[in-house]
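Inside the fold
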Amino acid sequence: MSWLGYGYAWDDGILYSRAFWVSQEIIVWDVAAGDGSCYLYGSKNAKLSLENGEVKGYDVEVRLEESKERLPKHVIQKFPYIQDLRSFQVPSAMDVKSLLKSQMAIAILNSAGECTNIAGLQLPGIMDELFSYNGPLGVIFSSEAVSLYLWAPTAQNVRALIYKEPQGSDPYEVVQLKELNGVWSAKGPITWEGSYYVYEVSVYHPSTMRIEKCFANDPYARGISADGRRTLIVNVDSEISKPEAWDSLVHEKPSLGSFSDISIYELHVRDFSAIDDTVPSDFRGGYLAFTSVDSAGMLHLKRLSSAGISHIHLLPVFHFAGVDDEKVKWKNIDFQMLESYPPDSDEQQAHITAIQNEDGYNWGYNPVLWGVPKGSYASNADGSTRILEFRKMVQALNQIGLRVVLDVVYNHLHASGPYDENSVLDKIVPGYYLRRNLDGLIEHSTCINNTASEHYMVERLIIDDLLHWAINYKVDGFRFDLMGHIMKRTMVKAKKMLQNLSRQNNGVDGSTIYIYGEGWDFGEVANNARGVNASQFNLSGTGIGSFNDRIRDAVLGGSPFGHPLQQGFVTGLSLEPNGHDHGSKANVDRTLGVLRDHIQIGMAANLKDFILTNHDGKEVKGCEISLHDGKPVAYASSPVEIVNYVSAHDNETLFDIVSLKTPVNISLDARCRMNHLATSIIALSQGIPFFHAGDEILRSKSLDRDSYNSGDWFNRLDFTYNSNNWGIGLPPKEKNKHNWPLIKTRLADPAYKPQKSHILAALENFSSFIGIRYSSPLFRLGSTKEIQERIQFHNNGPSWLPGVIVMSIEDGFEGIPGLPQLDSNYSYIVVIINMRPTPIEFTSQPLKGRRLQLHPIQLNSTDDVVKDSSYDSPSGSFKVPSRTTSVFVEPRTT
């Protein structure tokens with residue numbers, strides 16, 4: 001929130017918090033006192049003003065001495081971006097804790113006593129030093145009482161307004177909280193359980209420069225009212241909030257040998273069932289849809305689980321803004337009316353966007369309260385229903401062999417300031433939870449209201465929240481949105497805390513909880529500017545996974561931020577040009593070789609020390625292969641640190657991006673096989689494979705590149721396999737209009753639209769490759785050493801056969817020196833990926849004389865094309881059909 005929007009006359013000075021109170025003795029400010037003097041001012045009633053060069057309205061004035069000493073190491077470590085600013089010494093006798101509840105300013109007065117410079121202060125440093133706290137927070141139940149605890153060191157007063165009902169009526173009790181060292185608390189009767197409350201916090205807010213009376217939910221809320229305005233006093237351990245046999249679920253979890261055995265399927269709760277007529281109407285789009293065990297959607301998930309998919313990643317399910325939890329307030333569109341428009345019409349998107357902020361759809365990356373399940377997915381958003389139904393969902397997924405991952409969004413908050421109804425943390429401790437720039441303005445590089453995990457109590461809230469979901473909802477993993485905006489220290493600490501959870505003490509096996517996220521390095525945190533952040537390169541050695549965008553871009557071409565027609569390895573670069581100017585033929589051919597290197601190192605888990613022969617014929621490590629900007633392609637130290645993918649909820653679906661990038665004159669069958677190639681690369685790579693829901697059934701969003709608010713119409717999943725949702729109108733113009741000319745011609749062409757037979761073939765192909773992955777532990781190697789020793793790429797160097805990847809995986813033999821035996825079925829595997837539009841014959845001397853045969857799953861599949869694959873042992877020659885991935889295995893002899 002800008003601080004210049006409140007009608008103040010000043011356009012500089014105290015409006016901007018350009019000074020930093022970093023420790024009890026030190027304030028940092030980029031201003032020299034010179035011949036003047038530096039003073040710290042405080043006003044309990046927020047009456048500070050500057051009139052004719054004179055500071056007025058203060059009730060505290062303290063002189064500060066400029067220091068010539070360099071900032072202490074611990075301060076620089078915490079605040080590296082201000083290490084070169086000047087520092088001022090704070091007198092040790094000051095009553096700092098009381099002063100922190102006031103409006104404050106630092107000023108330079110010249111020898112005549114006139115103010116020449118003035119600024120507000122940022123306080124997280126001093127607050128962490130004085131008020132870091134590890135005691136109880138939120139609602140704490142005992143046998144006879146309910147206690148409330150709120151961390152609010154800068155508050156002047158806190159009261160709790162207690163209500164009988166979730167909405168309306170006056171509070172039946174107003175409770176004054178008492179403060180002890182920054183923590184406000186009150187104790188009440190056990191009869192408070194089931195009531196609702198709101199905190200009334202009187203606090204100085206720097207965005208308005210006033211003492212504000214803020215009304216806020218509890219940051220540690222575990223339940224809220226349907227309108228989101230009141231916190232529910234709820235005991236999550238109550239039996240009424242548990243499904244039958246909930247406490248024994250830890251003993252019924254799907255087995256997980258190691259993190260290398262994980263494969264992830266990313267799914268939005270509403271997408272899963274919103275249009276599924278086989279789900280009871282009251283359950284559609286919500287948690288309980290997952291309990292309809294014989295629905296089309298659940299039968300689909302069972303098939304994926306049987307093939308080998310281990311984890312379901314749910315898009316945000318905490319309390320987020322953008323969708324009203326009260327379903328009666330939703331606006332809806334008549335789908336029959338939308339279906340009457342042409343496939344390339346702009347009418348559908350116009351109708352959808354007209355109600356997009358009043359319907360029941362949003363991805364959910366608008367966090368308000370991290371620790372409460374989203375009420376719009378529950379049958380009743382009031383009371384504890386959402387807790388019970390969320391648990392039923394987790395239980396139902398576990399019972400069909402799928403572990404559950406939550407998408408957590410700790411990098412930003414939807415709202416800030418003292419007035420916004422969705423603002424919580426910034427009402428309770430203004431200026432603390434959100435990361436600010438050198439002018440004291442909130443950073444918005446994530447999208448809005450960046451949080452600051454480098455601050456102790458922000459980190460604590462994040463970790464407490466993770467433990468809450470792991471223990472109370474028994475979830476099995478966490479995906480961190482924009483993880484690079486969180487400090488590495490926070491992530492490492494979170495991983496340790498989660499893995500320390502035990503069945504005996506917590507009812508959870510923390511050793512099986514996997515965490516991963518987006519390790520993008522940008523904004524104010526880039527290059528460790530705010531401390532060592534959880535970026536791709538910094539996470540090496542932590543065992544924390546990060547998304548591998550290198551393999552995605554190499555497979556598909558370009559990047560989500562480049563030209564949409566830029567082709568990649570699978571979409572036809574060099575071999576099937578689409579008319580886009582990719583440069584000279586020599587440059588294009590070289591680029592294809594470079595992309596091959598990127599894919600191969602990705603298939604070797606993007607390990608920085610993996611050695612392969614590159615397109616120039618040189619032996620190089622993964623970290624010596626460079627991206628276009630000179631950064632290394634590979635950065636991982638362990639295969640579990642890499643999450644390989646080609647599509648996710650962001651950007652176009654896999655089918656859509658293939659349809660966009662490939663030549664307009666190729667067949668639909670060819671495009672479908674390119675989809676198969678892309679998913680096969682991910683399925684057969686070392687590391688953790690990740691798939692977007694619908695990758696396996698040619699899912700389309702009618703070429704929408706950002707469907708976060710595009711409603712059910714553009715986000716539908718059809719588990720009857722009758723439609724893939726292609727050609728349902730031009731995608732919303734907000735994010736897509738610049739590409740409408742390209743999109744329109746494709747949507748209008750009926751030759752682009754898959755039939756049910758194409759969708760079923762894609763599902764069969766996907767299931768086959770997942771099954772192949774889990775048919776051998778050689779596809780799921782657990783260490784860098786194993787991958788380096790066992791994996792080799794054969795079609796390398798400048799004389800390579802363009803568009804073909806050949807990978808072998810070797811196993812040892814029991815009782816014979818050399819490699820340990822891992823696979824009891826196969827001693828050797830060869831994977832050949834042929835993206836060329838023609839069949840290929842590939843001969844390799846090192847692969848001669850083996851007993852290789854096509855994998856049984858492919859031999860028994862419905863894909864007749866792959867069955868034309870063959871291997872000739874005496875010559876070491878393989879034949880693979882066009883646009884096909886063939887897997888050859890050497891069975892062990894008995």
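Fair warning: this is a prediction, and the values are worked out from it, not measured in the lab.

A count of helices and strands for the protein gives 22 helices and 39 strands. Over its C-alpha atoms the protein spans a radius of gyration of 30 Å, differing by no more than 12% from the 29 Å that the globule rule assigns to 894 residues. Overall, the protein is about 95 × 60 × 60 Å in size when its C-alpha atoms are taken along their principal axes. Looking at the 894 residues of the protein, the share that counts as buried comes to 63%. Put simply, 73% of the contacts in the protein that link residues at least 6 apart link residues at least 24 apart. Accessible surface for the protein amounts to roughly 32,200 Å². Of this, 49% is attributable to carbon and sulfur atoms. The average position of the 83 basic charges and that of the 104 acidic charges among the side chains of the protein differ by 2 Å.

So, about the sheet that holds strand β26 (residues 514–517). An order of β20-β21-β24-β25-β26-β27-β30-β31 is seen for the eight strands of this closed barrel, with the pairing classed as parallel. Pairs of neighbouring strands in the sheet enclose a mean axial angle of 30°, with direction left out of account. Judged from the two bridges that link them, strand β30 (residues 642–644) and strand β31 (residues 688–692) form a sheet pairing that is parallel. Note that in β31 the partner of N644 across the bridge is P689.

This brings us to the packing of aromatic side chains. All chains considered together, the criterion is met by 36 aromatic pairs. Relative to W469, the ring of F390 has its centre 5.3 Å away and its plane inclined at 45°; by these criteria the two rings are tilted. Of the two residues, F390 is situated in helix α8 (residues 385–399) and W469 in helix α10 (residues 456–472); the sequence distance between them amounts to 79 residues. For the pair formed by F390 and W469, the shared burial category is buried. Centroid distance F569 to W800: 6.5 Å. Interplanar angle 25°. Geometry classified as stacked. Of this pair, F569 sits in the loop between α13 (549–556) and α14 (585–603) while W800 sits in the loop between β32 (791–793) and β33 (804–810), and the two are 231 residues apart along the sequence. Exposure remark for W800: the relative accessible area of 11% places this residue in the buried category. Taking NZ or CZ as reference, R850 lies 3.6 Å from the ring centre of Y828, over its face. Above the face of the F813 ring, R892 is positioned so that its terminal group lies 4.9 Å from the ring centre.

In this section: the nonpolar core. By size, the foremost hydrophobic cluster in this structure holds 220 residues, and its most contacted members are W21, W151, F290, L301, F390, F478 and F480. When sequence neighbours within four positions are dropped, the list of residues in contact with F478 reads V405, L406, V408, L466, W469, A470, L498, I513, Y514, I515 and Y516.

A separate point is empty space enclosed by the protein. For the structure shown, the criterion picks out 11 cavities of 30 Å³ or more. Estimates place the volume of the largest cavity at around 220 Å³. Lining the largest cavity we find 21 residues, and of these S102, L121, L123, Y204 and P206 sit closest to its centre. Of all elements in the fold, only β8 (103–109) and α3 (124–131) reach the threshold of two or more residues within the lining of the largest cavity.

Thresholds applied
Residues numbered from 1 in each chain as written. Predicted model: local features only at pLDDT ≥ 70, side-chain atom pairs only at ≥ 80, totals over all residues. Heavy atoms only, no water. Helix = DSSP H or I, 4+ residues; strand = E, 2+ residues; numbered from the N terminus. Rg over C-alpha atoms; globule rule 2.2 N^0.38 Å. Buried < 20%, exposed > 50% of the residue type's maximum accessible area, 1.4 Å probe, protein only. Contact = heavy atoms within 4.5 Å. Areas by Shrake-Rupley, 256 points an atom, 1.4 Å probe, with all protein chains shown as cover. Lys, Arg positive; Asp, Glu negative; His and termini not counted. Charge placed at Lys NZ, Arg CZ, Asp CG, Glu CD. Pairing = 2+ DSSP bridges. Axes fitted to C-alpha atoms, helices over the stretch in contact; angles between N-to-C directions. Phe/Tyr/Trp six-rings, centres within 6.5 Å; stacked < 30°, edge-to-face > 60°. Lys NZ or Arg CZ within 6 Å of the ring centre and 35° of its normal. Core = buried A, V, L, I, M, F, W, Y, C linked by side-chain atoms within 4.5 Å. 1 Å grid on protein atoms, 1.4 Å probe; cavity = no way out; pocket = protein on both sides within 12 Å on 5 of 7 lines; lining within 4 Å. Points joined across faces, edges and corners; volume = space filled by probe spheres on them.

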